[in-house]
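Here is how the chains run, residue by residue.
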Amino acid sequence: MAIFGDQLNSGKIEFGLDGGYNRSWYLAREDSHGLNNFNLGFFFHVKMTENSTGFISTGVHVKSNVGASGMPTYSIGDAEFDDVYAEGELTTKVNVFYVPIMWQQRLGKVFLEGGIQPGLRAKAFDYFKVDDYGGELEYKNDVRDNYTRLDFGLVGGLGYRLKKGPVSTSIGVNYYYGVVDVYKPETYNLKNSSMYVYARIPIGAGGSKED
């Protein structure tokens, strides 16, 4: 892996791990609250020309959830179940493989980036929770068929590189604004949004000699 990283982190291509915290929520659903998640993936930065300070910034969020919490539960058609969870809380977690495709402009150690972010839905679960009967009860319901396979939206933000050179660890914040209704039933028009706080760490490279 170190040799692989050294070959990629040549100054024209920067490669590494991308991970951190994100908080997601549904746009235009007032009865929902944010959901805290952790995400992990990898990134590529591709330099466009030899003297350019602009890069194509892409990669894949391999572990990445969106969804929301704090919503009212719904009936599943079982009277006993519905009675137990009637006063409970619903949390939805949808696992999506996102591929951000952005233009990154570097201004010294600071950079701005923005572009598009398509996504491919994998798993999706509704979690029914209620504090009753002497403890917390939870029921997990597979709802992947209620969600579209594809998501799409706009993404952008800013960050800070710890070194000025072509290879450096960086930290930053990005915001994703979904533009696609991802919920198949007509009861809600759900669009994903998420705020990412991340660190990007190059793999197998010692970094730039320039401080």
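Predicted model, so just to flag it, every value in this text is computed and none were measured.

Procedures and definitions
Residues numbered from 1 in each chain as written. Predicted model: local features only at pLDDT ≥ 70, side-chain atom pairs only at ≥ 80, totals over all residues. Heavy atoms only, no water. Helix = DSSP H or I, 4+ residues; strand = E, 2+ residues; numbered from the N terminus. Buried < 20%, exposed > 50% of the residue type's maximum accessible area, 1.4 Å probe, protein only. Contact = heavy atoms within 4.5 Å. Areas by Shrake-Rupley, 256 points an atom, 1.4 Å probe, with all protein chains shown as cover. Lys, Arg positive; Asp, Glu negative; His and termini not counted. Charge placed at Lys NZ, Arg CZ, Asp CG, Glu CD. Phe/Tyr/Trp six-rings, centres within 6.5 Å; stacked < 30°, edge-to-face > 60°. Patch = residues over 30% accessible without salt bridge, like charges linked within 9 Å, V, L, I, M, F, W, Y side chains within 5 Å. Salt bridge = Lys/Arg side-chain N within 4 Å of Asp/Glu carboxyl O.

(A) Seen up close, the overall build of the protein chain. Looking only at helices and strands, one finds 2 helices and 13 strands in the protein chain. Counting only C-alpha atoms and orienting by the principal axes, one finds that the protein chain spans roughly 65 × 35 × 25 Å. Counting all 211 residues of the protein chain, 43% fall into the buried class. For the protein chain, restricting intrachain contacts to residue pairs at least 6 apart in sequence, the fraction spanning at least 24 positions comes to 65%. Surface exposure of the protein chain reaches about 11000 Å², of which carbon and sulfur atoms provide 59%. The protein chain carries 21 positive and 25 negative side-chain charges, and their two centres are separated by 14 Å.

(B) Inspection of the side chain of Asp 126 at higher detail. Along the chain, the position of Asp 126 falls in strand 8 (residues 119-132). Setting aside residues no more than four positions away along its own chain, Asp 126 makes contact with Tyr 74, Leu 90, Thr 91, Thr 92, Tyr 139, Lys 140, Asn 141 and Val 143.

(C) A look at the packing of aromatic side chains. The full count for this structure, using the stated rule, is 14 aromatic pairs. Ring centres of Phe 81 and Tyr 139 lie 4.8 Å apart, and the angle between their planes is 70°; this geometry places the pair in the edge-to-face category. One end of the pair, Phe 81, is in helix 2 (residues 79-85); the other, Tyr 139, is in strand 9 (residues 135-142), with 58 residues separating them in the sequence. On the basis of relative accessibility, which here comes to 12%, the residue Phe 81 falls in the buried class. Taken together, a centroid distance of 6.0 Å and an interplanar angle of 70° make the contact between Tyr 85 and Phe 128 edge-to-face. Taken together, the positions of Tyr 85 in helix 2 and Phe 128 in strand 8 put the pair 43 residues apart, joining distant regions of the chain.

(D) View of a nonpolar patch on the surface. A contiguous nonpolar patch, built from Leu 107, Val 110, Leu 112, Leu 158, Tyr 160, Leu 162 and Ile 171 and spanning about 630 Å² of accessible area, is present on the exposed surface. Of all the secondary-structure elements, those providing two or more residues to the nonpolar patch are strand 7 (110-116) and strand 11 (153-161). Within the element layout of this structure, Leu 107 appears in strand 6 (residues 101-107). Relative accessible area serves as the criterion here: at 53%, Leu 107 is assigned to the exposed category.

(E) Representation of the environment of Asn 95 within the structure. As for its placement among the helices and strands, Asn 95 is situated in strand 5 (residues 89-98). Since its relative accessible area comes to 16%, Asn 95 is described here as buried. Linking Asn 95 and Asp 31, residues 64 residues apart in sequence, is a C-alpha distance of 21 Å. Setting aside anything within four residues of it in sequence, one finds Asn 95 in contact with Val 62, Lys 63, Ser 64, Asn 65, Leu 120, Arg 121, Ala 122 and Lys 123.

(F) Looking closely at a positive patch on the surface. A contiguous patch of positive charge, built from Lys 63, Lys 93, Lys 123 and Lys 140, is present on the exposed surface. Residue position: Lys 123 is located in strand 8.

(G) Representation of the pattern of salt bridges in the model. Evaluation of the coordinates by the stated rule reveals 7 salt bridges. Glu 14 is paired through a salt bridge with Arg 106; the nearest N and O atoms lie 3.1 Å apart. Remark: Arg 106 occurs in strand 6 and Glu 14 occurs in strand 1 (residues 13-27); sequence separation between them is 92 residues. Taking relative accessible area as the criterion, Glu 14 reaches 2% and is therefore assigned buried. A salt bridge links Arg 200 to Glu 113, with the nearest nitrogen and oxygen atoms 2.8 Å apart. One end of the pair, Arg 200, is in strand 13 (residues 191-202); the other, Glu 113, is in strand 7, with 87 residues separating them in the sequence. Taken as a pair, Arg 200 and Glu 113 share a single burial class, namely buried. Three or more residues joined by partner-sharing salt bridges are found here, namely Glu 14, Arg 106 and Arg 161.

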